[in-house]
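The chain contents come next:
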Amino acid sequence: MFGRKKISVQKMEDDRLLDNIHQIQQRIGNTQRMMNNSVDIDDTTRIKLKLDQLKYQFLYLEARRRKAKAKATTNIIFGDEDTFLKQPSRAEKHW
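Here the structure is a predicted model, which is why all the values come from computation and not from measurement. (Residues numbered from 1 in each chain as written. Predicted model: local features only at pLDDT ≥ 70, side-chain atom pairs only at ≥ 80, totals over all residues. Heavy atoms only, no water.)

(A) Fine view of the pattern of salt bridges. By the definition in use, this model includes seven salt bridges. The shortest N-O distance in the salt bridge between Glu-13 and Arg-16 comes to 3.2 Å. Remark: Arg-16 and Glu-13 occur in helix H1 (residues 9-37); sequence separation between them is three residues, near one turn of the helix. The closest approach of N and O atoms between Arg-66 and Glu-62, which form a salt bridge, is 3.3 Å. (Salt bridge = Lys/Arg side-chain N within 4 Å of Asp/Glu carboxyl O. Helix = DSSP H or I, 4+ residues; strand = E, 2+ residues; numbered from the N terminus.)

(B) Examining the environment of Ala-68 more closely. Among the secondary structure elements, Ala-68 is positioned in the segment after helix H2 (43-66). When its relative accessible area of 18% is taken as the criterion, Ala-68 is described as buried. Among residues more than four places away in sequence, those in contact with Ala-68 are Asp-14, Leu-18 and Ala-63. (Buried < 20%, exposed > 50% of the residue type's maximum accessible area, 1.4 Å probe, protein only. Contact = heavy atoms within 4.5 Å.)

(C) Spotlight on unusual backbone geometry. Even without glycine at this site, Lys-67 takes up a positive phi of about 60°. By the secondary structure assignment, Lys-67 is in the segment after H2. Assessed through its relative accessible area of 66%, Lys-67 is described here as exposed.

(D) Expanded view of H2. Counted at 1.5 Å a residue, the expected span for H2 with its 24 residues is 34 Å, and the 35 Å between its end C-alpha atoms agrees. Within the sequence span of H2, burial applies to Thr-45, Leu-49, Asp-52, Leu-59, Glu-62 and Ala-63. In this fold, the buried residues of H2 make contact with H1. A positive backbone phi angle near 60° is found at Lys-67, which sits one or two residues after H2. (Expected span 1.5 Å × (residues − 1).)

(E) How the structure looks around the packing of H1 against H2. Running from amino to carboxyl end, H1 crosses H2 at an angle of 150°, the nearest separation of the two axes being 9 Å. With respect to each other, H1 and H2 are oriented roughly antiparallel. Viewed along their axes, H1 and H2 form a crossing whose handedness is left-handed. Here the contact of H1 with H2 is composed, by residue class, of 12 nonpolar, seven polar and eight charged. (Axes fitted to C-alpha atoms, helices over the stretch in contact; angles between N-to-C directions. Parallel < 35°, antiparallel > 145°, perpendicular 65-115°, else oblique. Left-handed = near helix turned anticlockwise from the far one by under 90°. Nonpolar A, V, L, I, M, F, W, Y, C, P; charged D, E, K, R; others polar.)

The structure is reproduced here in structure tokens:
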């Protein structure tokens, strides 16, 4: 009651939005890996992938519009394929 911070409804919904974005991003990655490793791909799988990509795009734009910020750095910003973090810094380069 006293001295306790109240979490705003907007902050709770932003967190839920970012969680949904993260879940859809993982689902897209898993589906794409499965499609790359399989020989015969079902049409329903392609449709679900396209639908997930559209959901991700919509939710991502909504998060940008709201200026939602994640609590910690997640895969939403830095994916596994991000090469920027793997590059050596100027101090590490020895010419």
